[in-house]
Amino acid sequence: DNTVSGTVLVWPRLEGRPGIPAREIVVYLPPSLVERDAASKDGRRYPVLYFHDGQNVFDDRTSFVGEWHADETLELLASEGFEAIAVAVPNAGDARMDEYCPWRERNPFGKGHPTSGGKGDAYLDWLVGSVKPLIDRSFPTRGEREATGIIGSSMGGLISIYALVAQPAVFGLAGVMS
């Protein structure tokens, strides 16, 4: 009953760091990487896109208000000659505002917490220090910043543009949507 297109792998539980809870990581693999015989690796390396709110990226069943269709879009782009690995990092639920905002501020939404935010740098340190190395070890990625993007919407957009500024040696492009 899922709506996933192409090949998507799931790490069921990637350990977090202090203040950053563990969570699953979902990875879309481009068709040529899936089709390649392990014995005949051709040396090809792929750009990587990191998505926030990862539960919304590939599957309508897991999404909050409808999937983003990133997998279908990447399948179409692959048919046109552009391929990339996409890494979907689900948010931390109630801690989403904390992780996606680098600054501790008055919570505009209330919800029982007078302040929110302040864990954006810790979240990015986990993404860059744990998630990215896992992906780079596991798949033939292009590690240079020009081939590493970060994408999010709403608060995910905020942390994406912040990542571009705070981690310029890592991220060379950002998709920022509201």
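Structure first, text after, so check above.
What counts, and where the lines are drawn
Note that residues are indexed from 1 along each chain, following the sequence as it is written. Local features in this predicted model are restricted to residues whose pLDDT is 70 or higher, and side-chain atom pairs enter the listing and the counts only when it is 80 or higher, whereas totals over whole chains, interfaces and linings include all residues. Here the side-chain values reflect all heavy atoms present in the structure, with hydrogen atoms and water set aside. The secondary structure listing takes helices from DSSP runs of H or I that are at least 4 residues long and strands from runs of E that are at least 2 residues long, numbered from the N terminus. Note on definitions: a residue-residue contact is assigned when non-hydrogen atoms from the two residues lie within 4.5 Å. His is not counted, nor are the chain ends; Lys and Arg add positive charge and Asp and Glu add negative charge. Each charge is placed at NZ for Lys, CZ for Arg, CG for Asp and CD for Glu. The rule for pairing is simple: two strands pair if DSSP sees at least two bridges between them. To obtain each axis, a line is fitted to C-alpha atoms, and for helices this fit is confined to the stretch in contact; angles are then taken between N-to-C directions over 0 to 180 degrees. The term salt bridge refers to a pairing of a side-chain nitrogen on Lys or Arg with a carboxyl oxygen on Asp or Glu at a separation within 4 Å. The buried label applies to any residue whose accessible area, calculated with a 1.4 Å probe on protein chains only, is under 20% of its type's maximum; exposed applies above 50%, and partly exposed to all values in between. Residues enter a nonpolar core if they are buried and are Ala, Val, Leu, Ile, Met, Phe, Trp, Tyr or Cys, with the set joined through side-chain atoms within 4.5 Å. Paired rings are identified among Phe, Tyr and Trp, the last through its six-membered ring, by centres lying within 6.5 Å, and are further divided according to the angle between planes into stacked (under 30 degrees), edge-to-face (over 60) and tilted (the rest).

Undergrad: Sorry if this is basic, but what is going on with the overall build of the protein here?
TA: Broken down by element type, the protein carries five helices and eight strands. For the protein, the sequential pattern of α-helices and β-strands runs β-β-α-β-α-β-α-β-β-α-β-α-β. Dimensions of the protein, computed from the C-alpha atoms along their principal axes, are close to 55 × 40 × 25 Å. Within the protein, contacts between residues at least 6 apart in sequence are counted, and of these 62% link residues at least 24 apart. One way to put it: in the protein the 17 positive side-chain charges average out to a point 7 Å from where the 24 negative ones average out.

Undergrad: Is there a simple way to explain the sheet that holds strand S1 (residues 7–14) in this structure?
TA: To summarise the sheet geometry, strands pair through backbone hydrogen bonds and adopt either a parallel or an antiparallel arrangement. What the six strands build is an open sheet, ordered S1-S2-S4-S3-S7-S8; its pairing is mixed. Only two strands of the sheet have a single neighbouring strand rather than two, namely S1 and strand S8 (173–177). Pairs of neighbouring strands in the sheet enclose a mean axial angle of 20°, with direction left out of account. In this sheet, strand S4 (residues 85–88) lies alongside strand S2 (residues 23–29) in antiparallel orientation, the contact comprising three bridges. Of the residues in S4, the one forming a bridge with Val26 is Ala88. With respect to the sheet, helix H5 (residues 155–166) is in contact with strand S7 (148–153) and S8, its orientation differing from that of S7 by roughly 150°.

Undergrad: Would you mind showing me how to read the pattern of salt bridges here?
TA: Side chains that differ in sign of charge can pair as their charged atoms come close. A complete count under the given rule lists eight salt bridges for this structure. The salt bridge involving Arg96 is made with Asp53; its shortest N-O contact spans 2.7 Å. Residue Arg96 is found in helix H3 (residues 96–100), and its partner Asp53 is found in the loop between strand S3 (48–51) and helix H2 (70–79); the two are separated by 43 residues along the sequence. A residue is classified by how much of its surface remains accessible, and Arg96, at 18% relative accessible area, is buried. Accessibility expressed as a relative area gives 3% for Asp53, which makes it buried. With a shortest N-O distance of 2.6 Å, Glu144 and Arg142 are connected by a salt bridge.

Undergrad: Can you help me understand the nonpolar core in this one?
TA: Generally speaking, soluble globular proteins have nonpolar side chains that are buried together. Of all hydrophobic cores here, the largest spans 30 residues; its most connected members are Tyr50, Val87 and Val131. Those elements that place two or more of their residues in this core are S2, S3, S4, H3, helix H4 (120–138) and H5. Once residues lying within four places of it in the same chain are set aside, the contact partners of Tyr50 are Val87, Leu127, Val131, Lys132, Ile135, Asp136, Thr148, Gly149, Ile150, Ile151 and Phe171. Core analysis: the second largest hydrophobic core is formed by twelve residues, Phe58, Leu74, Ala84 and Ala88 among them.

Undergrad: I'm lost on the packing of aromatic side chains in this one. Help?
TA: The way to describe two aromatic rings as a pair is by their centre distance and the angle between their planes. One pass over the structure, following the stated rule, counts seven aromatic pairs. With 6.0 Å between their ring centres and 85° between their planes, Trp11 and Phe139 make a pair best called edge-to-face. Note that Trp11 is positioned in strand S1 and Phe139 in the loop between H4 and S7, a separation of 128 residues in sequence. Both rings, one in Tyr28 and one in Phe58, keep their centres 6.4 Å apart while their planes meet at 35°; by these two values the pair is tilted. Pair noted here: Tyr28 is in strand S2 and Phe58 is in the loop between S3 and H2, with a separation of 30 residues, a long-range link. The two residues Tyr28 and Phe58 agree in class, both being buried.

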